There are 2 protein chains.
Amino acid sequence: MNTNQRFAISIHALTLLAASKDPLTSESIASSVDTNPVVIRRMMASLREHGLVKSKPGAHGGWRLLREPQKIGLSEVYQCLSEDDVLSIHSHPNKNCPIGGKIKGVLQKVFGEAQVGLENALGTHTIADILEDVRARA
Amino acid sequence: MNTNQRFAISIHALTLLAASKDPLTSESIASSVDTNPVVIRRMMASLREHGLVKSKPGAHGGWRLLREPQKIGLSEVYQCLSEDDVLSIHSHPNKNCPIGGKIKGVLQKVFGEAQVGLENALGTHTIADILEDVRARA
DNA sequence: CATATTTGTAACCTTTGTAGTTACAAATAG
DNA sequence: CTATTTGTAACTACAAAGGTTACAAATATG
């Protein structure tokens, strides 16, 4: 239903940062993700706006975490990126229809609950967990 | 994150059917949803494949439910449409990287849990509930 | 200061998915 | 037979995403 790899890439990048003492460049993150450095910068900018990471331009620059990995929950990462909700409502149902006129409000409520269900499940994991899981698969 | 109104439209259409004794045509459903009848037929075809509705061509034809509305959970409706999961994984992380090589498996597990959280929340509602909620907003 | 490195960002292209639309065949009721 | 309705292919328009290039601005180092 959805195609937007930014969330997956964000987790990937944050996990790389959690595993590294030194800052990582967009270039090196892009290499592990297998994409273009600009794609990484664009995405990391959202994480930076929410205070999860910091960037430093120039020689020996790059990205680093601003918080311990066990304090970065996946629901928070998700919220850095999610402009809209996962489920979306059709825009202009017929307001003259007794059902069409009311359905949007009902769907908003129900889809909101679904969103909470999704984010609660994500919130049970942190970047530290993910790193641990990755390492356990060695 | 997502744009695909089919789930919302499916719920809308099923609610219309639940509220009607007689079969409804794609035309009349499309009118309440405010879209083209072909869009409705395409979407209803998925619901038919999963045994939720039945269609009859020809004069006095149309769509009707094959099950009582209180026995149609929203999670099931969702599953009729969801080809992919809500959260999607980036396709080709670098397998030579110690993290890139393992991240897909880890994300599959975590995203699967998130999907379950979403569907569980949806599963607490049925088409009968939705119709009731709509009517309560009169 | 000069240079190499790295982020920041705008601009553009391509691909993909979705909704919308037209057209017409096939089925069905009366 | 005729009007109605689904089934489906084919096409268009549009938007979002990822990828790419180009270049300005910032920074560490010698």
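A short tour of the structure in this document, coming up.

Thresholds applied
- Residues numbered from 1 in each chain as written.
- Chains lettered and ligands numbered in written order.
- Predicted model: local features only at pLDDT ≥ 70, side-chain atom pairs only at ≥ 80, totals over all residues.
- Heavy atoms only, no water.
- Near = heavy atom within 4 Å.
- Polar contact = N/O pair within 3.5 Å; in protein donor to acceptor, adjacent residues only side chain to side chain.
- Helix = DSSP H or I, 4+ residues; strand = E, 2+ residues; numbered from the N terminus.
- Least-squares fit on C-alpha atoms with pLDDT ≥ 70 in both.
- Contact = heavy atoms within 4.5 Å.
- Phe/Tyr/Trp six-rings, centres within 6.5 Å; stacked < 30°, edge-to-face > 60°.
- Buried < 20%, exposed > 50% of the residue type's maximum accessible area, 1.4 Å probe, protein only.
- Core = buried A, V, L, I, M, F, W, Y, C linked by side-chain atoms within 4.5 Å.
- Arc of directions from axis to C-beta.
- Buried area = accessible area lost by both parts, 1.4 Å probe.
- Salt bridge = Lys/Arg side-chain N within 4 Å of Asp/Glu carboxyl O.
- Nonpolar A, V, L, I, M, F, W, Y, C, P; charged D, E, K, R; others polar.
- Axes fitted to C-alpha atoms, helices over the stretch in contact; angles between N-to-C directions.
- Parallel < 35°, antiparallel > 145°, perpendicular 65-115°, else oblique.
- Left-handed = near helix turned anticlockwise from the far one by under 90°.

For the rest of this paragraph, the subject is the protein's contact with DNA strand D. Looking at DNA strand D, there are 31 residues lining it, with Thr 35 and Arg 42 of chain A together with Arg 41, Arg 48 and Ser 55 of chain B nearest. In the environment of DNA strand D, a base nitrogen lies 3.3 Å from a nitrogen or oxygen atom belonging to the side chain of Arg 42 of chain B. One nitrogen or oxygen atom from the main chain of Ala 59 of chain B is found 2.9 Å from a base oxygen belonging to DNA strand D. Listed by contribution, the elements that provide at least two residues to the surface near DNA strand D are helix H3 (37-49) of chain A together with helix H3 (37-49), strand S1 (53-56) and strand S2 (62-65) of chain B.

We now examine the relation of the copies chain A and chain B. Relating one copy of the chain to the other takes a rotation about an axis and a shift parallel to that axis. For these two chains of identical sequence, chain A goes onto chain B by a turn of 180 degrees and a shift of 0.0 Å along the axis, with RMSD 0.1 Å. Taken together, the turn and the small shift mark the pair as related by a two-fold rotation axis. Most of the interface of chain A is mirrored in chain B, where 98% of its interface residues again form contacts.

Turning our attention to the packing of aromatic side chains. Tallied over the full model, the rule gives 4 aromatic pairs over all chains. Look at Phe 7 of chain A and Phe 111 of chain B: their rings are 5.4 Å apart centre to centre, the planes differ by 10 degrees, and that puts the pair in the stacked class. On the criterion of chain membership, the pair formed by Phe 7 of chain A in helix H1 (residues 6-18) and Phe 111 of chain B in helix H5 (residues 103-123) is interchain, its members lying in two chains. Assigned by exposure class, Phe 7 of chain A and Phe 111 of chain B land together as buried. Here the aromatic rings of Phe 7 of chain B and Tyr 78 of chain B are separated by 5.2 Å at their centres, their planes lie at 85 degrees, and the arrangement is edge-to-face. Taken together, the residues span a long stretch of sequence, with Phe 7 of chain B in helix H1 (residues 6-18) and Tyr 78 of chain B in helix H4 (residues 74-81) at a distance of 71 residues. Overall, the relative accessible area of 1% leaves Phe 7 of chain B in the buried class. Of the aromatic side chains, those joined through ring pairs into one cluster are Phe 7 and Tyr 78 of chain A together with Phe 111 of chain B.

If you look at the biggest cluster of nonpolar residues, it comprises 87 residues, and the most contacted ones within it are Phe 7, Ile 29 and Met 44 of chain A together with Phe 7, Ile 29 and Met 44 of chain B. Other than its neighbours up to four places away in sequence, Met 44 of chain B contacts Ala 13, Leu 17, Ile 29, Val 53 and Trp 63 of chain B.

Residues and elements named next belong to chain A. Looking at helix H2 (residues 26-33), one finds that the buried residues are Ser 26, Ile 29, Ala 30, Ser 32 and Val 33. One face of H2 carries all of its buried residues, which in axial projection span an arc of 160 degrees. Against the buried residues of H2 lie H1, H3 and strand S2 (62-65). Looking one or two residues past H2, Asp 34 carries a phi angle of roughly 70 degrees, positive in sign.

This part is about the interface of chain A and chain B. Interfaces are often described in size by the accessible area the parts lose on coming together. Across the contact, 58 residues belong to chain A and 57 residues belong to chain B. Surface buried jointly by chain A and chain B totals about 5,100 Å² across both partners, of which 66% is contributed by carbon and sulfur atoms. The tally of links between chain A and chain B comes to 2 salt bridges. Our enumeration of links across chain A and chain B arrives at 12 residue pairs in polar contact (both at pLDDT 80 or more). For the side of chain A that touches chain B, the secondary-structure elements that each account for two or more residues are H1, H2, helix H4 (74-81), helix H5 (103-123) and helix H6 (127-136) of chain A. A per-element tally of the side of chain A that touches chain B places H5 of chain A first, with 14 residues. Tallied by class, residues from the side of chain A that touches chain B come to 30 nonpolar, 19 polar and 9 charged.

The subject of this paragraph is the packing of H5 of chain A against helix H6 (residues 127-136) of chain B. The geometry of a pair of packed helices is captured by two quantities: the angle between their axes and the separation between those axes. Viewed as axis vectors pointing N to C, H5 of chain A and H6 of chain B meet at an angle of 125 degrees, and their least axial separation amounts to 9 Å. As far as their axial angle goes, H6 of chain B and H5 of chain A are oblique. As for the relative orientation of H5 of chain A and H6 of chain B, their crossing is right-handed in sense. Residues Ile 103, Val 106, Lys 109 and Val 110 of chain A of H5 of chain A pack against Ile 130, Asp 133 and Val 134 of chain B of H6 of chain B. Here the contact of H5 of chain A with H6 of chain B is composed, by residue class, of 5 nonpolar, no polar and 2 charged.

Taken by themselves, the reported measurements are silent on function.
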